[in-house]
Amino acid sequence: MRGNSLTRFLAIIVLSACLSCGEEVPTAIGERALEAAGKPAAGDPTVTSAEPPEAPQGVTLDVRVIGSNFDRGSRADLALNCEVDCTLSEKVKTNSTRFVSSSELVANITIAADATVDLYDVLVTTSRGKRGIGIELFAVKTGPVNPQTGYYQVVIGRLSGPTNCPALAISEGDYVAGYCFHRTRGYEAFFWRSGSDMMSLGPGIAKDMSDGDVPTVVGSYYVPGPDNLIAAVWEPLSSASPVLLPGFPNSCPNSFPSVGGITGDGRMIAGGACMPVEVEPGVFVNRSFPVLWTGIGRSWSLTQTLTLPAGFTSGRAVNISTNGVVLGYVFPNGPTGSNSAVWFPPYTSPEMLPAAGYTYIVAENVNNNGDVVGSATGSSPHKALLWKRIPGGWSPPQEIGEWTPRGMNNLGTVVGSGNGDGVVWSESAGLISLAGQGVHDANDGGKLSGHDSPGRAVIWVPAP
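In this text the structure is predicted, and so the values were computed from the model without any measurement.

What counts, and where the lines are drawn
Residues numbered from 1 in each chain as written. Predicted model: local features only at pLDDT ≥ 70, side-chain atom pairs only at ≥ 80, totals over all residues. Heavy atoms only, no water. Core = buried A, V, L, I, M, F, W, Y, C linked by side-chain atoms within 4.5 Å. Buried < 20%, exposed > 50% of the residue type's maximum accessible area, 1.4 Å probe, protein only. Helix = DSSP H or I, 4+ residues; strand = E, 2+ residues; numbered from the N terminus. Contact = heavy atoms within 4.5 Å. Disulfide = S-S within 2.5 Å. Pairing = 2+ DSSP bridges. Axes fitted to C-alpha atoms, helices over the stretch in contact; angles between N-to-C directions.

Draft legend 1. Expanded view of the nonpolar core. Counting 27 residues, the largest nonpolar core has Val233, Leu245, Ile269, Leu292, Val326, Trp343 and Tyr347 as the members making the most contacts within it. Going through the elements one at a time, strand S15 (229–235), strand S17 (258–262), strand S18 (268–280), strand S19 (283–296), strand S21 (312–320), strand S22 (326–332) and strand S23 (339–343) are the ones with two or more residues in this core. In this structure, Leu245 is in contact with Ile230, Ala231, Ala232, Val233, Pro257, Val259, Ile269, Trp293 and Trp300, ignoring residues within four places of it in sequence. Val65, Phe70, Phe99 and Ala107 belong to the second-largest nonpolar core, a separate cluster that totals 22 residues.

This is how it looks when you write it as structure tokens:
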């Protein structure tokens, strides 16, 4: 009797222990029952693989996430830098996560056309908030390449409301700036970086920017009054508010400075500023001059007025290369007309760009070599021209097509538009047409910025 009582007592203890362990019963039968119920098994979730392990930009797809200890209500996300802080991006979004089993989830994921190309971590968060991370298990690849052009297109988009948003500048760090136009609001400057939404910089036009990880954007900001676009500087990674560049101490009434561009290091800006000039005793005439501002961040000073060539009384700078070569227009004191001039550091005197018989030349861009692109507008269609810098000056202008150049990188790639199409030209590839597009700038990595036929800001990336 005593032995039977002891046996019954031990059985009750064992039964009580099993009942108290509930969901955590470590038996095959218990695990299968929990899995069927969609409840977590013991331990934190783990992530071992993703199928498929990669996808291009601009797609929506299902991704199988394989691991352990998932539960019903678990969510799978793609993230960057999970070894530090697990950064989620609006450009790689999980639309839904379906529970299959404790070892498998299916995540429906949308990868934006401008999502960051990188290796992503796969992050699973259970319904109880437990996390499992598979480091660099999914690769976001570049989008599909157009076989006719050799580029794939990344759509940046528009600010809310505007109808047309050309991207005027792309830096060596692949930042993009430009403007959007709205029929009622007018111009609105924007800044963009991969993985983020387009940022409004307020009313105005962003024209150029420095290189590096902390870009400085320059352009024109809208202020109330006549001639109401004034030269401005933005530091978009820290503030969307502009700094307005100063003019001369005795600036022309109702006239504001204009910006041509900024150097790669972000320390020098070229443009134009106006001041009254006494042409005879007591008689003053308003005249514009090519000028340089120097500074950093939110502190800028007009530090140099560039020398005009003999016989010319006014001018303005329209572009500056990343290493400080300045391109501008100079105007004679007499019949209307203008000539193109180039100033090389330290800017002691300008050099005149040879016209070589072409009329109505509009110079657009200069690179670090001193090469210049522009167009002869005295005919229709315009003649695209390239001046190559040689010892002692430039080679005669080379016709590179019937279109209008806008930008040029330091490797000699020229971009622009003609007959409603974007144009890319280089000596090695010749002319490439981006049908229905408009191209404004090219960086040394070969990436282009501009707009597509619906008017959205876009960049084009050359095939690897």
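Still to come is the rest of the account.
Draft legend 2. Just the state of the cysteines, in detail. Scanning the model with the defined rule gives 3 disulfides in all. The disulfide that involves Cys252 links it to Cys274, with 1.9 Å between the sulfurs. Between Cys252 and Cys274, the S-S dihedral sits near -75 degrees, and the bridge is therefore left-handed. Highlighted residues: Cys252 in the loop between strand S16 (239–244) and S17 and Cys274 in strand S18, separated in sequence by 22 residues. The exposure classification of Cys252 matches that of Cys274, with both residues buried. Here the chain pairs its bonded cysteines, counted in sequence order, in the arrangement 1-2, 3-4, 5-6.

Draft legend 3. View of the sheet that holds strand S4 (residues 75–79). With mixed pairing, the 4 strands of this open sheet are ordered in space as S2-S8-S7-S4. Of all strands in the sheet, those with a lone pairing partner are strand S2 (54–56) and S4, marking the two edges. If you compare each strand with its neighbour and ignore which way they point, the axes differ by 35 degrees on average. When S4 meets strand S7 (residues 118–125), the two strands line up antiparallel, connected through 5 bridges. Of the residues in S7, the one forming a bridge with Asp77 is Leu123.

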